[in-house]
Amino acid sequence: MWTSFPPRDWWYMAVLSLGVLYALLSQGRPRARTGAWIGFVYGLGFFVPLLPWIGVYVGPLPWLALAAALAGYLAVFGVCATVTMRLPFPPVWFAAVWVLVEAARSAFPFSGFPWGRTAFSQVDGPLLPLASVLGTAGVSGAVALFGACLAWVVQLLLFRHAAPGAPAHGSLVRPGVVAVVLALLGPIAAIGLTPDTLDRNVSGTSVQVAAVQGNVPRLGLDFNAQRRAVLDNHVRNTFGLADAIDSNTAARPAFVAWPENASDIDPLANPDAAAEITEASVAVGAPILVGTLVRDADGRPTNTVLVWDGEKGPVGRYDKHIIQPFGEYLPWRPFFRMFSSYADMAGNFRPGTGSSVLQVPTDSGTIPVGVATCWEVAFDRAAQTAVDQGARILYVPTNNATFGRTDMTYQQLAMSRFRAVEHGRAVIVAATSGVSALVEPDGTVTAQSGIFTAAVLSARMPLRSETTVATLLGAWPERVIAGAALVALLFAMATRTRFSQRLTTGRRRKSSPSGAVQHKSEEFAGDEQ
């Protein structure tokens, strides 16, 4: 499963691996406890190789503990899927429960961990256009349904009447046709949506933008020990862009996007930092979106983006709404301190409130820019809220220097590409040390930087006001699919669990010979939970 995610991008492996998982959970009608072990082992095989960047500088314990916790969700999935797949058309319930469990781990605990949602593995796959209609839940469900149906077809061909969902006697044509139709449902719908997705790259209004990646002095958790050097790097590269504009080798942007932590020296409290940013803005002839840290009156910092105008100074502010547990704050600090000496390095940030859109003044008018800072882009509600509030282009400032030369930054870029398609908006990804990118509304990357190198990306990008179906529906596809999974689970439990079987057996004991009762009890023994 993990090989379907960047930087490998083998999107088809998600389909195949979920097909294998379906086969393991359905063949031979396993008990729920067996389903739990299958799900847990599958989860370890997925999350352990997906997330080693968690422990690159803090050791393996946090990485392996998180992977095991996330594998626990797939143990729950194994139980729920084993039960619901006893209903007719088992691939449908397999996919619905997969969406339900992904939704649960994306919300709980500590606001959830949506990293590794199946939908984010499909940015180079044929199912990506579905994002513009059904969002992350729809694409994840489509991948799971596709894989499960392929496995079901194989089971019907190889095992015939012993396959799950197959009639005990009679023709297998009907379940075979249903399996093929369900398998092709997602791909055919995606093909139909592809032209509309590509058309979003063409807009009557566009804007010239630039993203500056200044780089950091060194890798590691203490990259910001040289905060002045990080700020100077971004100022210097912005002056380089100004020189290119003056020599007519680059177009003047309407605004310049700096990354998260580009100035960890608060320019609202440090006149020297403010002066540097102002000089850079004046030189390039455009406002700069500056990622910085601002300490409020209570002493707690906020992860902030300031709109910095060369003539007026700061004219807009966004404080990160969804702050990162174990990074920007530490829940249960005394408890987690016992497991890692790095626990106290976690911050005490305050989550922001207010609009998710920055009103950026330009020579041609004000541009509403939606912001999802770093960790926030993984959450559906971040980009959704920004577009709902009128954003015509999205901006993802991020700082991945603390994760070294790992896959993390590429996995995060895939999320930005997914959000572009989901909401039909161009996305500017500005990273302190890479990967920075300019993404079209169809998810294609117009320009991309390397990692741990300085870079300036510049391009003309579309400004869009139209709303995709996914934006209009918001969280409803996920709610409907998850709700259907819950109803199916409760129904399956009510009709096939040990409790219901005991009630049935109890009634029959009153009217049947003891031998008949014993025979019926043995018949149901294999279904006990």
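None of these values were measured; they are calculated from a predicted model.

### Description of the nonpolar core
(1) Moving on: Judged by nonpolar contacts, the single largest core of 88 residues is most densely connected at Leu18, Leu21, Phe77, Phe94 and Trp98.
(2) Moving on: What Trp98 contacts, discounting residues up to four positions off in sequence, is Met1, Leu18, Leu21, Tyr42, Leu74, Phe77, Thr118, Ser140 and Ala144.
(3) Moving on: Of all hydrophobic cores here, the second largest spans 26 residues; its members include Ala254, Phe255, Ile367 and Ile393.

### A word on the pattern of salt bridges
Between side chains of opposite charge, a pair can form as their charged atoms come close.
(1) Moving on: With the rule as written, the count across this model stands at 14 salt bridges.
(2) Moving on: Its salt-bridge partner being Asp407, residue Arg8 comes within 3.2 Å of it at the nearest N-O pair. Pair noted here: Arg8 is in the segment before helix 1 (12-26) and Asp407 is in the loop between strand 8 (393-398) and helix 11 (408-423), with a separation of 399 residues, a long-range link.
(3) Moving on: One salt-bridge network, in which partners are shared between bridges, spans Glu102, Arg117, Asp380, Arg419, Glu422 and Glu478.

### With respect to the environment of Ala431
(1) Moving on: Looking at the element boundaries, Ala431 is found in strand 9 (residues 427-431).
(2) Moving on: A relative accessible area of 0% places Ala431 in the buried class.
(3) Moving on: The sequence separation of Ala431 and Asn399 amounts to 32 residues, and the corresponding C-alpha distance is 5.4 Å.
(4) Moving on: What Ala431 contacts, discounting residues up to four positions off in sequence, is Gln213, Pro259, Thr398 and Ser436.

### Re the pairing of strand 9
(1) Moving on: With five of five residues buried, strand 9 lies mostly within the body of the structure.
(2) Moving on: Side-chain alternation along strand 9 places Val427, Val429 and Ala431 on one buried face and Ile428 and Ala430 on a second face that is also buried.
(3) Moving on: Pairing of strand 8 with strand 9 involves five bridges; the strand directions are parallel. The residue of strand 9 that forms the bridge with Thr398 is Ala431.
(4) Moving on: In this fold, the crossover linking strand 8 to strand 9 by way of helix 11 has right-handed handedness.
(5) Moving on: Pairing of strand 9 with strand 10 (residues 437-439), which is carried by three bridges, proceeds in the antiparallel orientation.

### Notes on the sheet that holds strand 6 (residues 357-362)
(1) Moving on: With mixed pairing, the six strands of this open sheet are ordered in space as 6-7-8-9-10-11. Edge strands, defined here as strands with exactly one partner in the open sheet, are strand 6 and strand 11 (445-448). Mean inter-strand twist for the sheet, computed between neighbouring axes without regard to direction, equals 25°.
(2) Moving on: Inspection of the sheet shows strand 10 paired to strand 11 by three bridges, in the antiparallel sense. Directly across from Ala437, in strand 11, lies its bridge partner Gln448.
(3) Moving on: Each of strand 6, strand 7 (365-371) and strand 8 touches helix 10 (residues 380-388); the most contacted strand, strand 8, lies at about 140° to it.

### Quick look at the packing of aromatic side chains
The geometry of an aromatic ring pair comes down to the distance between the two centres and the angle between the two planes.
(1) Moving on: By the definition in use, this model includes 13 aromatic pairs.
(2) Moving on: With a centroid separation of 5.8 Å and 80° between ring planes, the pair formed by Trp11 and Tyr12 is classed as edge-to-face.
(3) Moving on: With relative accessibility at 39%, the residue Tyr12 sits in the partly exposed group.
(4) Moving on: Within the aromatic cluster, the residues linked to one another by ring pairs are Tyr22, Tyr42, Phe77, Phe94 and Trp98.
(5) Moving on: One Lys or Arg, Arg479, reaches over the ring of Trp476 and ends 4.8 Å from the middle of that ring.

### Considering the sheet that holds strand 5 (residues 313-319)
(1) Moving on: Read across the open sheet, the six strands follow the order 5-4-3-2-1-12; overall the sheet is mixed. Among the strands making up the open sheet, the edge pair consists of strand 5 and strand 12 (455-462). Across the sheet, the axes of successive neighbouring strands diverge by a mean angle of 35°, strand direction being ignored.
(2) Moving on: Each of strand 1 (206-213), strand 2 (255-257), strand 3 (288-295) and strand 12 is contacted by helix 7 (residues 227-246), which is oriented at about 140° to strand 1, the strand it contacts most.
(3) Moving on: Lying over the sheet, helix 8 (residues 271-284) contacts strand 2, strand 3 and strand 4 (301-309), oriented at roughly 40° with respect to strand 4.

### Overview of the confidence of the model for the protein chain
(1) Moving on: Taken residue by residue, the protein chain gives an average pLDDT of 88. The fraction at 70 or more is 87%.
(2) Moving on: This stretch, residues 497-508, has a pLDDT under 50; its non-local contacts, to residues over four places away or in other chains, come to 15 contacts.
(3) Moving on: Here residues 514-529 scores under 50 on pLDDT; set against residues more than four positions off or in separate chains, the count is 24 contacts.

### Examining unusual backbone geometry
Of all residues except glycine, most have a negative phi; of all peptide bonds, most are trans.
(1) Moving on: A cis amide bond links Pro6 to the next residue, Pro7, at an omega of 5°.
(2) Moving on: You will see that Asp9, though not glycine, has its phi angle at about 60°, which is positive.
(3) Moving on: Among the secondary structure elements, Asp9 is positioned in the segment before helix 1.
(4) Moving on: Overall, Asp9 belongs to the partly exposed group, its relative accessible area being 23%.

### A short note on helix 4 (residues 90-105)
(1) Moving on: Relative to the 22 Å expected for 16 residues at 1.5 Å per residue, helix 4 spans 23 Å between its end C-alpha atoms, a close match to the ideal helical length.
(2) Moving on: Among the 16 residues that make up helix 4, 13 are buried, leaving the element largely enclosed by the rest of the structure.

### Some points on helix 10
(1) Moving on: Of all the positions in helix 10, only Ala382, Ala383, Gln384, Ala386 and Val387 are classed as buried.
(2) Moving on: Summarising the contacts, the buried residues of helix 10 are in contact with strand 6, strand 7, strand 8, helix 11 and helix 12 (469-473).
(3) Moving on: Gly390 occupies a position one or two residues after helix 10 and carries a positive phi of about 105°.

### With respect to a nonpolar patch on the surface
(1) Moving on: Among the surface-exposed residues, Leu134, Val469, Leu473, Trp476 and Val480 lie close enough to one another that they form a single nonpolar patch of about 450 Å² accessible area.
(2) Moving on: Mapped onto the fold, Leu473 is located in helix 12.
(3) Moving on: A relative accessible area of 33% means that Leu473 is categorised as partly exposed.

### With respect to the side chain of Thr136
(1) Moving on: Within the element layout of this structure, Thr136 appears in helix 5 (residues 131-159).
(2) Moving on: The exposure class assigned to Thr136 is buried, which follows from its relative accessible area of 2%.
(3) Moving on: In terms of polar contacts, Thr136 uses its side chain to reach the side chain of Asp380, at 2.8 Å.
(4) Moving on: Setting aside its immediate chain neighbours within four residues, Thr136 contacts Arg117, Ala119, Phe120, Asp380, Phe418, Arg419 and Glu422.

Cut-off values and rules
- Residues numbered from 1 in each chain as written.
- Predicted model: local features only at pLDDT ≥ 70, side-chain atom pairs only at ≥ 80, totals over all residues.
- Heavy atoms only, no water.
- Core = buried A, V, L, I, M, F, W, Y, C linked by side-chain atoms within 4.5 Å.
- Buried < 20%, exposed > 50% of the residue type's maximum accessible area, 1.4 Å probe, protein only.
- Contact = heavy atoms within 4.5 Å.
- Salt bridge = Lys/Arg side-chain N within 4 Å of Asp/Glu carboxyl O.
- Helix = DSSP H or I, 4+ residues; strand = E, 2+ residues; numbered from the N terminus.
- Pairing = 2+ DSSP bridges.
- Right-handed = clockwise from strand over helix to strand, strands pointing away.
- Axes fitted to C-alpha atoms, helices over the stretch in contact; angles between N-to-C directions.
- Phe/Tyr/Trp six-rings, centres within 6.5 Å; stacked < 30°, edge-to-face > 60°.
- Lys NZ or Arg CZ within 6 Å of the ring centre and 35° of its normal.
- pLDDT = per-residue confidence, 0-100.
- Expected span 1.5 Å × (residues − 1).
- Patch = residues over 30% accessible without salt bridge, like charges linked within 9 Å, V, L, I, M, F, W, Y side chains within 5 Å.
- Areas by Shrake-Rupley, 256 points an atom, 1.4 Å probe, with all protein chains shown as cover.
- Polar contact = N/O pair within 3.5 Å; in protein donor to acceptor, adjacent residues only side chain to side chain.

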